[in-house]
Amino acid sequence: MSDRVERRPIAARKWKVSQQLANWFGRRGVGADAISLAGMASGMGAGVALLATGEWPGSALAMWLLAAILVQLRLAANMLDGMVALATGTASKRGELFNEIPDRVSDSAVLIGLGYASGGNVVLGYAAALVALATAYVRAVGKYTAGVQEFCGPMAKQQRMFLVTLAALYGAVIDPRQAPIESRLGSTPVAITLFLIIVGGIVTIARRLRRIDAALGGTS
């Protein structure tokens, strides 16, 4: 179908600055796999920074901001690795491995870290990580059984990381444990963020399964 694509649709790929940056990396011999690993390091660093907001309250402001920055750097690396591979003609099956595994590590690190963050909920953090893994697994199953890549949301990677970034920026301004929303809903903004990621992830899994099933039903 026309709405099914092989690559994750990212509008920023079309930005001139993104293309220039990808070409810059390519000219300097920075490989796509190295960028993928740098993205994983950023995701792991974001998870540690989020955990630190709960462990060391005195540095919470800096850690919330650092987490927000590292999450965005992780997303930038996820976009640029594929662009560099195409620009340098080095796209390969091995590149898919370097694209997928670091992504799963980054998702888990960020969401579990958010569970341990100030105002977080550890159980929700692990649950969100499992749901994120499941959404990626369903997409992979779709690719190898029906030949389609389903990137639909409402809680794909970009949406998950967008909510985490918002929560981190909020935490940098207002202590999540003392936020006004906590007294009204009985939960912190961080815990609510994780809950939304879980619920949205479950909806995403259902939508992807339905589309994959439709694709399989239409093939001989």
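See the structure printed just above.
Residues numbered from 1 in each chain as written. Predicted model: local features only at pLDDT ≥ 70, side-chain atom pairs only at ≥ 80, totals over all residues. Heavy atoms only, no water.

## Digging into a nonpolar patch on the surface
Thinking step 1. On the surface, Met44, Leu97, Ile101 and Val105 cluster together to form a nonpolar patch covering roughly 340 Å² of accessible area.
Thinking step 2. Of the residues forming the nonpolar patch, the biggest block, 3 residues, is contributed by helix α4 (residues 93–116).
Thinking step 3. Secondary-structure assignment places Met44 in helix α2 (residues 32–55). (Patch = residues over 30% accessible without salt bridge, like charges linked within 9 Å, V, L, I, M, F, W, Y side chains within 5 Å. Areas by Shrake-Rupley, 256 points an atom, 1.4 Å probe, with all protein chains shown as cover. Salt bridge = Lys/Arg side-chain N within 4 Å of Asp/Glu carboxyl O. Helix = DSSP H or I, 4+ residues; strand = E, 2+ residues; numbered from the N terminus.)

## Some words on the packing of aromatic side chains
Thinking step 1. Taken as a whole and assessed by the stated rule, the structure comprises 2 aromatic pairs.
Thinking step 2. For the ring pair Trp24 and Phe25, a centre distance of 5.3 Å and an interplane angle of 70° mean the geometry is edge-to-face.
Thinking step 3. Each ring, one from Tyr116 and one from Tyr126, has its centre 6.1 Å from the other, and the planes form 80°; the classification is edge-to-face. Taken as a pair, Tyr116 in helix α4 and Tyr126 in helix α5 (residues 122–145) lie far apart in primary sequence, 10 residues in all.
Thinking step 4. Overall, the relative accessible area of 39% leaves Tyr126 in the partly exposed class. (Phe/Tyr/Trp six-rings, centres within 6.5 Å; stacked < 30°, edge-to-face > 60°. Buried < 20%, exposed > 50% of the residue type's maximum accessible area, 1.4 Å probe, protein only.)

## Side note on the nonpolar core
Thinking step 1. Grouped together as the largest cluster of nonpolar side chains are 36 residues, with contacts concentrated most on Leu50, Trp64, Leu111, Leu114 and Val164.
Thinking step 2. For this core, the leading source of residues is helix α3 (residues 60–88), giving 8 residues.
Thinking step 3. If we ignore the near neighbours within four places in the chain, the residues touching Leu50 are Trp64, Ala67, Val110, Gly113, Leu114, Ala117, Ser118 and Val164.
Thinking step 4. Membership of the second largest hydrophobic core comes to 8 residues, among which are Ala22, Ile35, Met79 and Val84. (Core = buried A, V, L, I, M, F, W, Y, C linked by side-chain atoms within 4.5 Å. Contact = heavy atoms within 4.5 Å.)

## Points about α5
Thinking step 1. Given a rise of 1.5 Å per residue, 24 residues ought to cover 34 Å, and the 35 Å separating the end C-alpha atoms of α5 matches this to within 8%.
Thinking step 2. Residues of α5 that are buried: Gly125, Ala128, Ala129, Val131, Ala132, Thr135, Ala136, Val138, Arg139, Gly142 and Lys143.
Thinking step 3. Capping the start of α5, Asn121 holds a side-chain oxygen 3.1 Å from the backbone nitrogen of Val123, two or three residues further along.
Thinking step 4. Among the residues trailing α5, Gly147 stands out with phi positive, at a value near 75°. (Expected span 1.5 Å × (residues − 1). Polar contact = N/O pair within 3.5 Å; in protein donor to acceptor, adjacent residues only side chain to side chain.)

## Quick look at the side chain of Ser42
Thinking step 1. With respect to the helices and strands, the residue Ser42 is situated in helix α2.
Thinking step 2. Ser42 sits in the buried class, given a relative accessible area of 12%.

## Some points on the pattern of salt bridges
Thinking step 1. Taken as a whole and judged by the stated rule, the model has 9 salt bridges.
Thinking step 2. The closest approach of N and O atoms between Asp107 and Arg74, which form a salt bridge, is 3.1 Å. Linking Asp107 in helix α4 with Arg74 in helix α3, this pair joins segments that are 33 residues apart in sequence.
Thinking step 3. When its relative accessible area of 1% is taken as the criterion, Asp107 is described as buried.
Thinking step 4. For Arg74, a relative accessible area of 0% puts it in the buried group.
Thinking step 5. Here Arg104 ties to Glu100 by a salt bridge, and the two come within 2.8 Å at their closest N and O atoms. Taken together, the positions of Arg104 and Glu100, both in helix α4 and 4 residues apart, correspond to about one turn of that helix.
Thinking step 6. Taking relative accessible area as the criterion, Glu100 reaches 25% and is therefore assigned partly exposed.
Thinking step 7. Among the ionic contacts, a cluster of salt bridges with common partners joins Arg74, Glu100, Asp103, Arg104, Asp107, Arg139, Lys157 and Arg160.

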